[in-house]
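One-letter residues, chain by chain:
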Amino acid sequence: MYRSRGRGVGVVTKAVTLLGTGLMGAGMARSLLRAGLAVTVWNRSVEKARPLAADGATVAEDPAAAVSGADVVVTMLFDAESVEAVMTEAVGAMKPGAVWAQCATVGLDGVEALASLAAKHNVPFVDAPVLGTRQPAEEGKLIVLAGGDPSLADAVAPVFDAIGIRTLWVGSRIGDGHRLKLAANSWVLALTAGTAQALALTRNLGLDPQLFLDLIAGGGLDNGYAQLKGRGMIAGEFPASFSLDGAVKDAGLIAAALRDAGADDRLMTAIHSQYQSAAAAGHGDSDMSAVFVAHGQEDAQ
């Protein structure tokens, strides 16, 4: 029997379906399996899902069949359009009382559209984007930013405890999880783009870009994320932890949210352009740190 951490009451093992086994979803599925949950997975490209069978997951051939026995359905697809297309096919097959936990970053308009789809089918819905990249997903160390009816917390706790090191219930409104996630991602995207700019400027002024990382190391300006991404930029190595295409998508969602909120979107629009330029150069599947190539060189060698 699974027991939710920190709640003091027993929660029986849940049957969980995860739709989307890409860069993040595959790691989340393994974390769910390690927690002793019964996991079914589906992916549009089934070859990306099949390796999870060796870890104990059931691999479904279509989304409706995948969700039919689940207590909790987790969506971790690329964007709002892909989630809506898949769940339009699948949501009607969910059993009564099953909860839909929407964990992909889909934007504020996207989460409202998905919540409406759930409501149309009387499916309880939790807006639950996750903060983290591939390694935290593999290790069950994501941060889950949940928004929605707090009475659903116990139903999704076994899932969120398995994939995350912490769950933060941001608010009771659908979309509250996304509101905080977009703010967090605005900082991550700005930090990565700013690191790329500082390293490129150091290099283009005729200095070793490593000097910039050495300069900030150990001081008030230091940041472990900047050091990690910066070393990859200098080496010209961009193994995907969070894809550049994902950064382009999220930067666009953040800029739209800023405009809708009546805030100044100029900084995020410029950052969005930088990520778009790097993606257009053929690095969409690389790590978001490949934004460095928008400054003219892939490495400093």
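Scroll up a little and you will see the structure.
Residues numbered from 1 in each chain as written. Predicted model: local features only at pLDDT ≥ 70, side-chain atom pairs only at ≥ 80, totals over all residues. Heavy atoms only, no water.

**Student:** Can you walk me through the overall build of the protein in this structure?
**Tutor:** Counting its regular elements, the protein contains 12 helices and nine strands. The globule rule puts the C-alpha radius of gyration for 301 residues at 19 Å, and the 20 Å found for the protein is close to it. The principal-axis extents of the C-alpha atoms in the protein amount to approximately 65 × 45 × 40 Å. The buried share of the protein, taken over its 301 residues, is 51%. Within the protein, contacts between residues separated by at least 24 positions form 65% of all contacts whose residues are at least 6 apart in sequence. For the protein, the accessible area works out to roughly 13100 Å², and carbon and sulfur atoms hold 53% of it. (Helix = DSSP H or I, 4+ residues; strand = E, 2+ residues; numbered from the N terminus. Rg over C-alpha atoms; globule rule 2.2 N^0.38 Å. Buried < 20%, exposed > 50% of the residue type's maximum accessible area, 1.4 Å probe, protein only. Contact = heavy atoms within 4.5 Å. Areas by Shrake-Rupley, 256 points an atom, 1.4 Å probe, with all protein chains shown as cover.)

**Student:** How should unusual backbone geometry be read in this particular structure?
**Tutor:** With the exception of glycine, the majority of residues adopt a negative phi angle, and the majority of peptide bonds are in the trans configuration. Not every positive phi belongs to a glycine, and Asn 122 is a case in point at roughly 55 degrees. Here Asn 122 lies in the loop between helix H5 (108-120) and strand S6 (125-127).

**Student:** Is there a simple way to think about the pattern of salt bridges in this case?
**Tutor:** It is possible for side chains bearing opposite charge to pair when their charged atoms get close. Going through the model one piece at a time under the given rule, you end up with 10 salt bridges. One salt bridge in this structure joins Lys 95 and Asp 71, with 3.0 Å as the shortest N-O distance. With Lys 95 in the loop between helix H4 (80-90) and strand S5 (99-102) and Asp 71 in the loop between helix H3 (63-67) and strand S4 (72-75), this residue pair connects regions lying 24 residues apart in the sequence. According to the relative accessible area criterion, Lys 95 is partly exposed, its value standing at 32%. For Asp 71, a relative accessible area of 24% puts it in the partly exposed group. (Salt bridge = Lys/Arg side-chain N within 4 Å of Asp/Glu carboxyl O.)

**Student:** What's the story with helix H1 (residues 25-34) in this structure? I'm lost.
**Tutor:** Turn by turn, an α-helix covers 3.6 residues, leaving residues three or four places apart pointing in a common direction. Within H1, eight of the 10 residues are buried, leaving the element largely enclosed by the surrounding structure. Turning to H1, its buried residues number three or more, namely Gly 25, Ala 26, Gly 27, Met 28, Ala 29, Ser 31, Leu 32 and Leu 33. For H1, the secondary structure elements touched by its buried residues are strand S1 (15-19), strand S2 (38-42), S4, helix H6 (134-139), strand S8 (142-147) and helix H7 (153-163). Remark: Gly 36 follows H1 within two positions and exhibits a positive phi of approximately 85 degrees.

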